[in-house]
Every structure is written in C-alpha cells, then in structure tokens.
Amino acid sequence: ITHLFTELLEQQFPIDSPRHQLSLKTPAQFAGQLSIHVNHLNRAIKETTGKTTGELISGRIAKEAKALLEHTHWNIAEIAWCLG
C-alpha cells in the first residue's frame, strides 16, 4: 500500500504549467484512488514510514513548492494555486 501511495503521490509531479492543479491533496482522495478506506491507508503508511499520510503529502507538496520557486518564474500566487 505504501508503494502504491508513493507512486500516486509522485505521479502528480512535476507541475508543468501554472494552469495545472493537483488533483489528489488529502489522504481520503488517495484512499479513494486506491479503493481502500482512509483509515487503512493511514495505518499502513504510519506502520511503514513512521509518518502520517498527511505529513508525507504536505512534505512532498512543500518540496515541489521549493522547486517551483527555484526553477520557474512563477509568482507565489500561481504556485499556491497549483499546489492547492
């Protein structure tokens, strides 16, 4: 489950255009994509990584925000909109 979650999370990146917005931002949205209950996803992620599903999502979004700030000319509002 952790591997499938990580693949889904990474498939959303990199953001290519300021018009592209993340489609999966919450643990419940990821669980829906994986056809499992959000509690099951949260438990599996916590057991294998020691972090919550939300922490992993937030961390990856923050990492992408930093990359967009460093490597694009997008303004903060565009980056914020793309990343939700």
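A few points on the structure. For every chain, the first residue of the written sequence is number 1, and numbering continues from 1 along that sequence. Confidence filtering applies because this is a predicted model: local features only for residues at pLDDT of at least 70, side-chain atom pairs given and counted only at 80 or more, and all residues used for totals across whole chains, interfaces and linings. To get the side-chain values, all heavy atoms of the structure are used, and hydrogens and water are removed first.

Looking now at helix H3 (residues 38-49). By the criteria applied, helices consist of DSSP H or I runs no shorter than four residues and strands consist of E runs no shorter than two, each listed in order from the N terminus. To estimate the expected span of a helix, count its residues, drop one, and scale the result by 1.5 Å. Taking 1.5 Å of rise per residue, 12 residues should cover 16 Å, and H3 covers 16 Å from first to last C-alpha, within 8% of that figure. Turning to H3, its buried residues are Leu-41, Ala-44 and Ile-45. Projected onto a plane normal to the axis of H3, the buried residues spread over an arc of 95 degrees and lie on a single side. In what follows, residue pairs with any heavy atoms lying within 4.5 Å of each other are defined as contacts. Of the surrounding secondary structure, the elements contacted by the buried residues of H3 are helix H1 (2-11), helix H2 (27-34) and helix H4 (53-71). Where H3 terminates, the next one or two residues include Gly-50, which has phi positive at roughly 80 degrees. Categorising residues by exposure relies on relative accessible area from a 1.4 Å probe, with only protein chains included: less than 20% of the type maximum marks a residue as buried, more than 50% marks it as exposed, and the intermediate range marks it as partly exposed. Taken from the helix axis, the directions to the C-beta atoms give the arc we talk about.

Interaxial distance between H4 and helix H5 (residues 76-83) falls to 10 Å at its minimum, and their mutual angle equals 150 degrees. It follows that H4 is roughly antiparallel to H5 by the angle criterion. The handedness of the crossing between H4 and H5 comes out as right-handed. Contacts from Ile-61, Glu-64, Ala-65, Leu-68 and Leu-69 of H4 reach H5 at Ile-76, Ile-79 and Leu-83. Residue type decides the class: Asp, Glu, Lys and Arg count as charged, Ala, Val, Leu, Ile, Met, Phe, Trp, Tyr, Cys and Pro as nonpolar, and the leftover types, Gly among them, as polar. In terms of residue class, the contact of H4 with H5 is built from 7 nonpolar, no polar and 1 charged. Fitted lines through C-alpha atoms serve as axes, helices being fitted only where they are in contact, and the angles separating the N-to-C directions of these axes extend from 0 to 180 degrees. Roughly parallel covers angles under 35 degrees, roughly antiparallel covers those over 145, roughly perpendicular covers 65 to 115, and oblique covers all other angles. Two helices that cross are described as forming a left-handed crossing if the nearer one is turned anticlockwise from the farther one by less than a right angle, and a right-handed crossing if clockwise.

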